[in-house]
Amino acid sequence: MIRPRKVQILGLVGFCISLYALSVEANLDTPGYEALCDIGASFSCTAVFKSSYSHLLSHWGLVEKGSPMDLSLASAGMILYAAYFLAGGPFWTLIPFRASVFLTVACCGAIFSCYLLYVLKFILGDFCIVCTGFHCVNFSMLALAAFEARESSSSKAKRS
């Protein structure tokens with residue numbers, strides 16, 4: 001399978017996980033609601049989504065809590081994964097410096113995943129299967145970006 005299709009598949013998987021996370025967030029205050037991702041006391045995605053870390057911009061004090069810019073991680077994920085999906089489509093060959101941009105965005109995603117894994121493990125003391133899905137997509141995207149960058153640099157070297 002060619003790399004742009006893999007990027008699109010991972011983008012679609014990430015988007016679907018984000019959509020599910022958004023639906024869980026929307027139902028957090030519904031009485032009697034139990035998310036499928038709540039496996040046990042320390043395996044609870046709803047506990048993670050209820051924490052202030054689910055809205056990082058307000059948690060970090062960059063925006064006011066509840067403002068339109070206070071995106072949840074699920075909303076931000078939908079934007080990121082939709083962009084990956086679109087970039088892997090017909091725009092793949094049109095993006096200038098594609099390999100560098102892809103590698104930069106994927107590195108940021110992987111670093112952000114490492115931060116969120118730290119928060120999950122050491123601050124919240126929880127395990128979130130939905131979050132794990134996000135991290136798997138982010139690290140897989142990083143691997144694809146590294147392959148793309150390596151291929152791009154080797155093809156530039158051959159042209160020289």
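Predicted, not measured: the structure shown is a model, and the values here were computed from it.

J.: Mind showing me how you'd approach the state of the cysteines here?
T.: Each disulfide is one covalent bond, formed between the sulfur atoms of two cysteines. Across all of its chains, the model carries one disulfide by this definition. With its sulfur 1.6 Å from that of its partner, cysteine 37 forms a disulfide with cysteine 45. Between cysteine 37 and cysteine 45 the sulfur-sulfur dihedral comes to about 40 degrees; the bridge is accordingly right-handed. Accessibility assignment for this pair places cysteine 37 and cysteine 45 in one class, buried. Here cysteine 16 is not disulfide-linked; the sulfur of cysteine 37 is the nearest cysteine sulfur, at 15 Å. Overall, cysteine 16 belongs to the partly exposed group, its relative accessible area being 43%. Considering cysteine sulfurs only, cysteine 107 is the nearest to cysteine 114, which forms no disulfide, with 10 Å between them.

J.: Would you mind going over the packing of aromatic side chains with me for this structure?
T.: In this description, an aromatic ring pair is defined by two values, namely the gap between the centres and the angle between the planes. Under the defined criterion, the tally for this structure stands at seven aromatic pairs. Ring geometry for tyrosine 118 and phenylalanine 122: centres 5.4 Å apart, planes at 40 degrees, overall tilted. Residue tyrosine 118 and its partner phenylalanine 122 are both found in helix H5 (residues 98–124); the two are separated by four residues, about one turn of the helix. The class of phenylalanine 122 is exposed, set by a relative accessible area of 60%. Three or more aromatic residues joined by ring pairs form one cluster here, namely Tyr81, Tyr84, Phe102 and Phe134.

Rules used in this analysis
- Residues numbered from 1 in each chain as written.
- Predicted model: local features only at pLDDT ≥ 70, side-chain atom pairs only at ≥ 80, totals over all residues.
- Heavy atoms only, no water.
- Disulfide = S-S within 2.5 Å.
- Buried < 20%, exposed > 50% of the residue type's maximum accessible area, 1.4 Å probe, protein only.
- Phe/Tyr/Trp six-rings, centres within 6.5 Å; stacked < 30°, edge-to-face > 60°.
- Helix = DSSP H or I, 4+ residues; strand = E, 2+ residues; numbered from the N terminus.

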